[in-house]
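These are the residues of each chain, in order.
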Amino acid sequence: MTRWLITGAGGMLGRDLVAALTEPTASYGRHARRSETPVEITAATRDMLDVTDAAAVASAVSGHDIVINAAAWTDVDAAEDHEDVATDINGRAVNNLAAACTVNGAKLIQISTDYVFDGTGTKPYPETHPTAPINAYGRGKVLGEQLALRTGGYVVRTAWLYGDHGPNFIATMLKLAASRPTVDVVTDQIGQPTWTAALAEQLVRLGTAALAGTAAPGIYHGTATGQASWHDLARTLYDLAGLDPDRIRPTTAESFARPAPRPAYSVLGHDAWTAAGIPPQPDWRVQLDHALSEPGFADLAKAARS
């Protein structure tokens, strides 16, 4: 029996992580657990566990073999005005988890972000590239990484997430298709659209390998392969959903003034997975095609077509 604690279990990624562990025989993206070892899962939502509360974290981690920390402050723009609070959750709270994992001999997997980089690159960022965040959210996440790594934890950076259980770009674009003839989408931000179900599968594989001692602690980049602009993603989405991709019109990030600056280039390299014997995620187009068969997205696409 292995015991897994998922923090932030009510969020978009957290819910898919729970599914990844409880539905091992389902199809691609629904699941990952290939070991026959039974698992016991504690799915701790935000209401159940405040990761900034050291005593509560110590109690929650006790008895578990692995902790995946999907709890996070995710409002990038609001972090600019509330950096201390955001950093409490995304940064300093990781020390509580790391300390509790050390005491209990548990493995910690900390979820991080592409926003630890400044986005001035022109080729995929390797896991070893120096961090240089350009907003408050990224600074908090860098601190969280440092706290996880110094006690032998695992850091998985991800980006451009979408899934069936929370607000995201894919759901927004499908809803807009039902109400607007055209949608303006930026062409000058490049990244890797990543389905939370595919990331969850990869995280479960990493956790299983960590417990087996076949995956070394350190940094891993958990994103889809390939790359796209938001404009590319929106056009591909409309095409796959049976909508006219020409309804997506090009624009630039300058047209959407936001409090927090975003990296222009957020493509991550995936070399660390090879050493752990875990395959990189599929191409973002493959992931999107699978995701659109999920009930939530399928219903939105159907509504957009009607």
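So, here's what we can say about the structure. All figures in this text were calculated on a predicted structure; none of them were measured in a lab. (Residues numbered from 1 in each chain as written. Predicted model: local features only at pLDDT ≥ 70, side-chain atom pairs only at ≥ 80, totals over all residues. Heavy atoms only, no water.)

Moving on, we get to helix H7 (residues 196-212). Across its 17 residues, H7 extends 24 Å between first and last C-alpha, which sits within 8% of the 24 Å expected from 1.5 Å per residue. Burial analysis of H7 places 13 of its 17 residues in the buried class, which makes it a mostly covered element. Once H7 ends, the next one or two residues include Gly-213, with phi positive near 80 degrees. (Helix = DSSP H or I, 4+ residues; strand = E, 2+ residues; numbered from the N terminus. Expected span 1.5 Å × (residues − 1). Buried < 20%, exposed > 50% of the residue type's maximum accessible area, 1.4 Å probe, protein only.)

A separate point is unusual backbone geometry. Positive phi, close to 50 degrees, is recorded for Trp-160, a residue that is not glycine. Following the sequence through the fold, Trp-160 ends up in the loop between strand S5 (154-158) and strand S6 (161-162). Of the residues examined, Trp-160 reaches a relative accessible area of 12% and is grouped as buried.

Once that is clear, we can look at the sheet that holds strand S2 (residues 39-44). Backbone-to-backbone hydrogen bonds pair the strands of a sheet. The strands run either parallel or antiparallel. Taken in spatial order, the six strands of this open sheet run S2-S1-S3-S4-S5-S10, and their pairing is parallel. Bordering the open sheet on either side are S2 and strand S10 (218-221), each of which pairs with just one other strand. Between one strand axis and the next, the sheet turns through 20 degrees on average, direction left out of account. As judged from the four bridges shared by strand S1 (residues 2-7) and strand S3 (residues 66-69), these two strands associate in the parallel manner. Across the sheet, Leu-5 pairs through a bridge with Val-67, a residue of S3. (Pairing = 2+ DSSP bridges. Axes fitted to C-alpha atoms, helices over the stretch in contact; angles between N-to-C directions.)

So, on to the packing of helix H2 (residues 54-61) against helix H4 (residues 83-104). It is the contact of H2 with H4, at a shortest axis distance of 9 Å, that shows an interaxial angle of 40 degrees. Here the hand of the crossing between H2 and H4 comes out right-handed. Where H2 approaches H4, its residues Ala-54, Val-57, Ala-58 and Val-61 are matched on the opposing element by Asn-96, Leu-97, Ala-100, Cys-101 and Asn-104. Here the contact of H2 with H4 is built from residues that sort into seven nonpolar, two polar and no charged. (Left-handed = near helix turned anticlockwise from the far one by under 90°. Contact = heavy atoms within 4.5 Å. Nonpolar A, V, L, I, M, F, W, Y, C, P; charged D, E, K, R; others polar.)

Attention now moves to the nonpolar core. Considering soluble globular proteins, one finds that nonpolar side chains tend to be buried as a cluster. By size, the foremost hydrophobic cluster in this structure holds 33 residues, and its most contacted members are Ile-170, Met-173 and Leu-174. Where this core is concerned, the elements lending two or more residues are helix H6 (169-177), strand S7 (183-186), H7, helix H8 (230-240), helix H10 (284-291) and helix H11 (295-305). Examining the composition of this core, we find that seven residues originate from one element, H6, more than from any other. Apart from the residues within four sequence positions on either side, Met-173 is in contact with Val-183, Val-185, Ala-234, Leu-237 and Tyr-238. (Core = buried A, V, L, I, M, F, W, Y, C linked by side-chain atoms within 4.5 Å.)

Functional significance is not addressed by these values, which are geometric in nature.
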